[in-house]
Amino acid sequence: MTAPRATFQEALDSLEATLQEESQLVLRSLRGAMSALREQDVELADEVIAFDDEVDARYLALEQGIESLLARQTPVAVDLRLVLAILHINLHLERMADLCVTISKLMKLARGYEGDPQVLESFEEMGLRAEEMVGVAMTALAERDLAAAESLLELDELIDRANRRLVRHVLEVGGDEPKREWGLRMIVISRCLERFGDHTVDIGEQVAYLVTGELREFSDASHDATD
Amino acid sequence: MRRAPDMESAPAAPVRIAGVDEKVLAEREERVARHRREVLFDVDGLHVSYGEVPALKDVSLEIYRNFVTAFIGPSGCGKSTFIRCFNRMNDLIPSAAVEGTIRYHGADLYGQDVDPVEVRKRIGMVFQKPNPFPKSIYDNVAFGPRVLGRKDDLDGRVERALQQAALWDEVKHRLKASALSLSGGQQQRLCIARCLAVEPDVILMDEPASALDPIATTRIEDLMQELKRSYAIVIVTHNMQQAARVADMTAFFSVDVAEEGERTGILVEFDRTDKIFTQPSDQRTEDYVTGRFG
């Protein structure tokens, strides 16, 4: 005979696998958005925008799967925490993919300026950090690794700093009105990447909840003067 | 999925980085195949009455192969009466009258030329209280095949039935022991094995776990998931959560109270189980599954 409640366990495993799959799609979206930004590739930017449907499909599948699982299987204890964590992480991933779409749209709107090397360098750094953070967050989930989840807060500090540097730089560049509009768009792109990092920290908090059963924020944003 | 309005104007082009996953497509195909329904019973306008008293009126639904179908509803809603129609158990009650049709593999189950005994070979039944014969474990399972004259490879038949009922490992060293020496949960699985030994294609279960503790209940529920690969399972249960856990399709029955106070069972809603438990179409179903029933 198979393990007890095999059907339920299969459903749980399948939800978690779909979530991991969704995170892989988010990574593809992020890489696409950053590459489009770097290469000024409008076609690729459009693909990133269209690709969001793939992420949304996973998002909806998870929402429906969780609804059915909660209604039918009455998960409790660690199973309940896992289902709730998946529910929250699902929303974060969907938002992260939306940020990639926003970056792609802003890139299209801000075209026509020769690349500012310092801005490009900042985006490169933030993009790589964001990518790493998704990896850390989702591996922490897969391995139920509390320390890895908590390490996201420090990683996030680095992306925050890069964001602040970029904002200072764009303000210093100044310039005429079209240039200022360009600068504004760059700041919003930077902000998107910074928010992307924040979402991975939130995923880390969900992992911590899953592992410890304790719901807590890694940092209190309302008391964080640097944000 | 909500975006700032000024972001909406940028056009989208076909996807190059995406491409639909072959694996995802294959999984979708498989899901569709799994849900292709083969009708085993087709019930149409069924009425059941005991003497002058109607018990169940105007029930129409289908039972599918490889599905677990659950009947839920409050006491007196006729769900047990209904399940007994499928193997013509109501024939044993002299005052019972069944109208309407039940087609089994397309043939009228209540047709003139149908032998109820033959029906019960194909359509096995398990009851609320485990009811093994006061004989050995082996003889309980061998009983059906012996009566039917299927005496070749009797040991093999008994072993296969006990394996399928997930009881073999627990009893293989004491097949000659009395069935009554088994625990309640084991006795119930023995009754299921007894059913399986005559190679039916439907198993009816009337409250099969309500006399069992939670662990024995889980074993019976897991067993249903195994068995549905080969059989159609129909289960009556008071325990809504059990229906939610095990059933693919759920029928909700209720009691219709006439002005004169006459109470008759009716079928309120029949749908996929996840539909019944997430967004039932009928308010009466919603009230029942959310525990707000009178």
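Values in this document were obtained by computation on a predicted structure and should not be read as measured data.

So, how was this worked out
Residues numbered from 1 in each chain as written. Chains lettered and ligands numbered in written order. Predicted model: local features only at pLDDT ≥ 70, side-chain atom pairs only at ≥ 80, totals over all residues. Helix = DSSP H or I, 4+ residues; strand = E, 2+ residues; numbered from the N terminus. Buried ≥ 20, exposed ≤ 12 C-beta atoms within 10 Å, placed from the backbone. Contact = placed C-beta atoms within 7 Å. Rg over C-alpha atoms; globule rule 2.2 N^0.38 Å. Pairing = 2+ DSSP bridges. Right-handed = clockwise from strand over helix to strand, strands pointing away. Core = buried A, V, L, I, M, F, W, Y, C linked by C-beta atoms within 7 Å. Expected span 1.5 Å × (residues − 1). Arc of directions from axis to C-beta. Axes fitted to C-alpha atoms, helices over the stretch in contact; angles between N-to-C directions. Parallel < 35°, antiparallel > 145°, perpendicular 65-115°, else oblique. Left-handed = near helix turned anticlockwise from the far one by under 90°. Nonpolar A, V, L, I, M, F, W, Y, C, P; charged D, E, K, R; others polar. pLDDT = per-residue confidence, 0-100.

## What to know about the overall build of chain B
A count of helices and strands for chain B gives 11 helices and 10 strands. Here chain B holds 294 residues, and 40% of them are scored as buried. The long-range share in chain B, meaning contacts at least 24 apart out of those at least 6 apart in sequence, stands at 69%.

## Brief notes about the overall build of chain A
The number of helices and strands found in chain A is six helices and zero strands. Ordering the α and β elements of chain A from the N terminus gives α-α-α-α-α-α. Scaling as 2.2 N^0.38, a compact globule of 227 residues should have a C-alpha radius of gyration of about 17 Å, and chain A matches this with 19 Å. Counting only C-alpha atoms and orienting by the principal axes, one finds that chain A spans roughly 70 × 40 × 20 Å. Counting across all 227 residues of chain A, residues that qualify as buried make up 41%.

## Some points on the pairing of strand 7 (residues 202–206) of chain B
Residues in a regular strand project their side chains so that they alternate between the two faces of the sheet. Residues and elements named next belong to chain B. Strand 7 sits mainly inside the fold: five of its five residues count as buried. Every second residue of strand 7 is oriented toward a common face, with Val-202, Leu-204 and Asp-206 on one face and Ile-203 and Met-205 on the other, all of them buried. Two strands pair when backbone bridges link them, and strand 6 (residues 123–126) and strand 7 are joined in this way by four bridges, in the parallel orientation. Across the sheet, residue Ile-123 finds its bridge partner in strand 7, namely Val-202. Pairing of strand 7 with strand 8 (residues 232–236), which is carried by five bridges, proceeds in the parallel orientation. The residue of strand 8 that forms the bridge with Met-205 is Ile-235. With helix 8 (residues 214–227) bridging strand 7 and its parallel neighbour strand 8, the resulting β-α-β unit is right-handed.

## Quick look at the nonpolar core
With 75 residues, the main nonpolar core has Ala-193, Ile-233 and Val-234 of chain B as its most contacted residues. Per-element tally for this core: the top contributor is helix 7 (residues 184–196) of chain B, with six residues. In contact with Ala-193 of chain B, not counting residues within four places along its chain, are Val-141, Ala-161, Leu-162, Ala-165 and Leu-167 of chain B. In terms of nonpolar packing, the next biggest core, distinct from the first, is built from 58 residues, Leu-37, Cys-100, Met-138 and Trp-182 of chain A among them.

## Brief notes about the sheet that holds strand 1 (residues 39–50) of chain B
Residues and elements named next belong to chain B. Taken together, the 10 strands give an open sheet; going across it, the order is 5-4-1-2-10-9-3-8-7-6, and neighbouring strands pair in mixed fashion. Edge positions in the open sheet fall to strand 5 (107–108) and strand 6, since each of these has one partner strand only. Two elements, strand 4 (residues 96–104) and strand 5, share two bridges in a ladder whose sense is antiparallel. Across the sheet, Arg-103 pairs through a bridge with Asp-108, a residue of strand 5.

## Regarding helix 7 of chain B
Residue and element names in this part refer to chain B. Between its first and last C-alpha atoms helix 7 spans 18 Å; for 13 residues at 1.5 Å apiece the expected length is 18 Å, and the two agree. Across the 13 residues of helix 7, 12 count as buried, placing the element largely inside the fold. By the burial criterion, the buried members of helix 7 are Gly-185, Gln-186, Gln-187, Gln-188, Arg-189, Leu-190, Cys-191, Ile-192, Ala-193, Arg-194, Cys-195 and Leu-196. Structurally, helix 7 contributes buried residues whose contacts are with strand 6, helix 4 (137–147), helix 5 (154–164), helix 6 (168–171), strand 7 and helix 8.

## Some words on helix 5 of chain B
Residue and element names in this part refer to chain B. Among the residues of helix 5, those classed as buried are Arg-157, Val-158, Ala-161, Leu-162 and Gln-164. Mapping the buried residues of helix 5 onto a view down its axis gives an arc of 165 degrees, with all of them on the same face. In this structure, helix 5 carries Asp-155 and Gly-156 as exposed residues pointing more than 90 degrees from its buried face. Where helix 5 is buried, its residues touch helix 4, helix 6, helix 7 and helix 8. Within two residues after helix 5, Ala-166 carries a phi angle of roughly 55 degrees, on the positive side.

## What to know about the packing of helix 4 of chain B against helix 7 of chain B
Packed helices, taken two at a time, are described by their axes: the angle between them and the distance between them. All names here are of chain B. In the contact formed by helix 4 and helix 7, the axes pass within 7 Å of each other and the chain directions differ by 30 degrees. In terms of orientation, helix 4 lies roughly parallel with respect to helix 7. You can see that helix 4 and helix 7 cross each other, and the crossing is right-handed. Each of Ile-137, Asn-140, Val-141, Phe-143 and Gly-144 in helix 4 lies in contact with helix 7, whose residues at this interface are Leu-190, Ala-193 and Arg-194. A breakdown of the residues in the contact of helix 4 with helix 7 according to their chemical character gives five nonpolar, two polar and one charged.

## Things to note about unusual backbone geometry
Residues and elements named next belong to chain B. Of note, the phi angle at Asn-66 is positive, near 65 degrees, even though the residue is not glycine. Structurally, Asn-66 is set in the loop between strand 2 (53–64) and strand 3 (68–72). For Ala-166, which is not glycine, the phi dihedral falls at a positive 55 degrees. Judged by C-beta crowding, with 20 C-beta atoms within 10 Å, Ala-166 ranks as buried.

## Some remarks on the environment of Glu-172 of chain A
Within the fold, Glu-172 of chain A resides in helix 5 (residues 146–173). Taking the C-alpha atoms as reference points, Glu-172 of chain A and Cys-100 of chain A, separated by 72 residues in sequence, lie 26 Å from one another.

## Points about the packing of helix 3 (residues 77–109) of chain A against helix 6 (residues 177–212) of chain A
All names here are of chain A. Viewed as axis vectors pointing N to C, helix 3 and helix 6 meet at an angle of 170 degrees, and their least axial separation amounts to 9 Å. Judged by the inter-axis angle, helix 3 sits roughly antiparallel to helix 6. Residue composition of the contact of helix 3 with helix 6, grouped by class: 16 nonpolar, five polar and five charged.

## Some details on the confidence of the model for chain B
Do not read the predicted coordinates in detail wherever pLDDT is low. All names here are of chain B. Summary statistics for chain B give a mean pLDDT of 88 and a share of 88% for residues scoring 70 or more. No element of chain B has a lower mean pLDDT than helix 1 (residues 22–34), which averages 63, and none a higher one than strand 3, which averages 98. Within the model, pLDDT remains below 50 along residues 1–16, and this stretch shows 25 contacts once partners closer than five positions in the same chain are excluded. Across the whole predicted complex the pTM is 0.83, and at the interface the ipTM reaches 0.78.

## Thoughts on the pairing of strand 2 of chain B
All names here are of chain B. Examined bridge by bridge, strand 1 and strand 2 share eight bridges and lie antiparallel to one another. By the bridge assignment for strand 2, Ser-49 is matched with Pro-54. Adjacent in sequence and paired antiparallel, strand 1 and strand 2 are bridged by two residues, among which Gly-51 carries a positive phi angle near 60 degrees.

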